[in-house]
Amino acid sequence: YFEDYLSVKNTKALRGILTLLVVLHHAYQETNRGLLHLLLSNAGVPCVVLFLFLSAYGLQKSLTTKPGYERTILTRRIPAIAVPFLVLIPVYWVLYGLIGKPYSLLQLLNSLVSGSPIVRYGWYTECLILLYLVYFLGTRLCRKQPEKMAVVIPVLTLLLATAQPICIVLAVFVGKRVMKMMKN
């Protein structure tokens, strides 16, 4: 009866519902009032976790059933979320400037590697892009022994998480040098 409960159609619908709940969660975080606030104030984390689980399940299912699927992660999955995100960055930059909260170019560049992007709630998009990259690397490293992905992907994720502070320092250092060069 429930053979296809994790089909693409069903998981896509469930991910849509979870996305809506996360949006409502963020909206109600701003209000702090009402019954819906009580219901939705703590809904964000479980909804994101379930969304990520369903996405990872879909990735793994596609990897095991579609030959050559790992190559499409870089060409289809990442651009589908990165392009809209990259379009929003200058829009937010201009809007923040118009409301009197301008970001310098250095602050803008730093926001892309610090985990606090200029795009509100954009941390999730950055996280998703990085997780897709980790998954892609895991599929490439474990091509002949896919069972090793259960170890390789968490290790890569930890390495990436520890590399973030290094990225921040490098971004600030390089950004300052670039700003000096632009002034001269």
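Throughout what follows, the structure given in this document is the object of discussion. Only a predicted model underlies this, so the values are computations on that prediction, with no experimental measurement involved. (Residues numbered from 1 in each chain as written. Predicted model: local features only at pLDDT ≥ 70, side-chain atom pairs only at ≥ 80, totals over all residues. Heavy atoms only, no water.)

This brings us to the nonpolar core. In this structure, Leu59, Ile73, Tyr132, Tyr135 and Met149 are the most contacted members of the largest nonpolar core, which totals 26 residues. Mapped onto this core, the elements with two or more residues apiece are α1 (8-31), α3 (44-65), α4 (72-98), α6 (123-141) and α7 (149-183). With near-sequence residues (within four places) excluded, Tyr135 lies in contact with Leu59, Gln60, Leu63, Ile73, Met149 and Ile153. Counting 5 residues, the second-largest nonpolar core is a separate cluster that includes Phe85, Ile89, Ile118 and Val119. (Core = buried A, V, L, I, M, F, W, Y, C linked by side-chain atoms within 4.5 Å. Buried < 20%, exposed > 50% of the residue type's maximum accessible area, 1.4 Å probe, protein only. Helix = DSSP H or I, 4+ residues; strand = E, 2+ residues; numbered from the N terminus. Contact = heavy atoms within 4.5 Å.)

What follows concerns the packing of α3 against α6. Running from N to C, α3 and α6 cross one another at 30°; their axes reach a closest spacing of 12 Å. Here α6 runs roughly parallel to α3, going by the angle between their axes. Taken as a pair, α3 and α6 cross one another with a handedness that is right-handed. Of the residues in α6, those in contact with Val48, Phe51, Leu52, Leu59, Gln60 and Leu63 of α3 are Tyr124, Leu128, Leu131, Tyr132, Tyr135 and Thr139. Looking at side-chain class alone, the contact of α3 with α6 contains 10 nonpolar, 2 polar and no charged residues. (Axes fitted to C-alpha atoms, helices over the stretch in contact; angles between N-to-C directions. Parallel < 35°, antiparallel > 145°, perpendicular 65-115°, else oblique. Left-handed = near helix turned anticlockwise from the far one by under 90°. Nonpolar A, V, L, I, M, F, W, Y, C, P; charged D, E, K, R; others polar.)

Where α4 meets α6, the closest approach of the two axes is 10 Å, and the angle between their N-to-C directions is 170°. When the axes of α4 and α6 are compared, the pair comes out roughly antiparallel. α6 is crossed by α4, and the crossing has left-handed handedness. Contact residues: α4 offers Ile73, Leu74, Arg77, Ile78, Ile81, Ala82 and Phe85, while α6 offers Thr125, Glu126, Leu128, Ile129, Tyr132, Leu133, Tyr135 and Phe136. Taken together, the residues of the contact of α4 with α6 sort by class into 12 nonpolar, 1 polar and 2 charged.

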